[in-house]
Amino acid sequence: TICIEGAGKKFRLRSSGTRTLKTAFLDAVGIRSGKKEDFWALKDVNFSVSKGQTLGIIGANGAGKSTLLSLLAGTKTATEGSVKTVGTISSLLELGAGFHPDLTGRENVFLCGALMGIPKAKMTAQFDAIVEFSGIGDFIEQPVKHYSSGMYVRLGFAVAVELDPDI
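Now for a look at the structure at hand. (Residues numbered from 1 in each chain as written. Predicted model: local features only at pLDDT ≥ 70, side-chain atom pairs only at ≥ 80, totals over all residues. Heavy atoms only, no water.)

Let's talk about helix H2 (residues 65–73)
Within the sequence span of H2, burial applies to Thr 67, Leu 68, Ser 70, Leu 71 and Leu 72. Following H2 by one or two positions, Gly 74 adopts a phi angle in the positive range, close to 85 degrees. (Buried < 20%, exposed > 50% of the residue type's maximum accessible area, 1.4 Å probe, protein only. Helix = DSSP H or I, 4+ residues; strand = E, 2+ residues; numbered from the N terminus.)

Have a look at this one:
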């Protein structure tokens, strides 16, 4: 179940160069005066999706589709309004984004499961299906920092779809 009420997401755009530790300090003490502009990627979004319903999100580039999905996945928080979800969530926005490069594929699969709130017993039961679907094979025991970008994304996708999330 998803319920979005009056949700909005604001980003602060800065027009003067890259952000460094020095510029962050100067901003904090009020010395730097780079122009800041608010950009609302989403404003006053309202909808609900009940269990068993399907929702499609379409729109032009820059319309806020990915921002909305990030709010649903919990990777971003709303600036205003509320975003409530009931059930396990799996996101295909940034596959493998939660992977730790020094951990093996196996360890990352279980770490992702833990972060999604999935019991270890269920992860153990699904593990072979995840590895088979990913096509990683024996590389599952290697640190993911040694994976090709394709292997990395395939493993992330396999974890996302094989766990049969509610959302």
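Back to the text.
A short note on the environment of Val 83
Mapped onto the secondary structure, Val 83 falls in strand S3 (residues 80–85). For Val 83, a relative accessible area of 27% corresponds to the partly exposed category. Those residues in contact with Val 83 that sit more than four places away from it in its chain are Cys 3, Ile 4, Ala 7, Leu 71, Leu 72 and Ala 78. (Contact = heavy atoms within 4.5 Å.)

Considering the packing of helix H4 (residues 120–134) against helix H5 (residues 149–162)
Helix packing for two helices is described by the angle between their axes and how far apart those axes are. Where H4 meets H5, the closest approach of the two axes is 8 Å, and the angle between their N-to-C directions is 135 degrees. By the criterion of interaxial angle, the relationship of H4 to H5 is oblique. Seen along the crossing, H4 lies across H5 with a hand that is right-handed. Only Arg 154, Leu 155, Phe 157, Ala 158, Val 159, Val 161 and Glu 162 of H5 make contact with H4, whose side of the interface consists of Gln 126, Ala 129, Ile 130, Phe 133 and Ser 134. Taken together, the residues that form the contact of H4 with H5 break down as eight nonpolar, two polar and two charged. (Axes fitted to C-alpha atoms, helices over the stretch in contact; angles between N-to-C directions. Parallel < 35°, antiparallel > 145°, perpendicular 65-115°, else oblique. Left-handed = near helix turned anticlockwise from the far one by under 90°. Nonpolar A, V, L, I, M, F, W, Y, C, P; charged D, E, K, R; others polar.)

Thoughts on the nonpolar core
Ranked by internal contacts, the top residues of the largest apolar core, which has 17 residues, are Val 109, Ile 130, Ile 140, Tyr 147 and Leu 155. Of all the secondary-structure elements, those providing two or more residues to this core are helix H3 (105–115), H4 and H5. In this structure, Val 109 is in contact with Met 123, Phe 127, Ile 130, Leu 155 and Val 159, ignoring residues within four places of it in sequence. (Core = buried A, V, L, I, M, F, W, Y, C linked by side-chain atoms within 4.5 Å.)

Considering the pattern of salt bridges
Pairs can form between side chains of opposite charge whenever their charged atoms are close. Using the criterion set out here, one finds five salt bridges in the structure. Asp 38 is paired through a salt bridge with Arg 12; the nearest N and O atoms lie 3.0 Å apart. One end of the pair, Asp 38, is in strand S2 (residues 36–49); the other, Arg 12, is in strand S1 (residues 2–14), and 26 residues separate them in sequence. When its relative accessible area of 52% is taken as the criterion, Arg 12 is described as exposed. Here Glu 80 ties to Lys 43 by a salt bridge, and the two come within 3.1 Å at their closest N and O atoms. With a gap of 37 residues between them, Glu 80 in strand S3 and Lys 43 in strand S2 connect regions that are remote in the sequence. What makes Glu 80 partly exposed here is its relative accessible area of 28%. (Salt bridge = Lys/Arg side-chain N within 4 Å of Asp/Glu carboxyl O.)

Let's talk about H4
Look at H4: 19 Å from first C-alpha to last across 15 residues, which is about the 21 Å you get at 1.5 Å a residue. Along its length, H4 reaches its greatest deviation from straightness, about 45 degrees, at Gln 126. Taken residue by residue, H4 has Met 123, Phe 127, Ile 130, Val 131 and Ser 134 as its buried positions. Summarising the contacts, the buried residues of H4 are in contact with H3 and H5. Positive backbone phi, at 75 degrees, marks Gly 135, one or two positions downstream of H4. (Expected span 1.5 Å × (residues − 1). Bend = angle between axes of the 7 residues up to and from the residue.)

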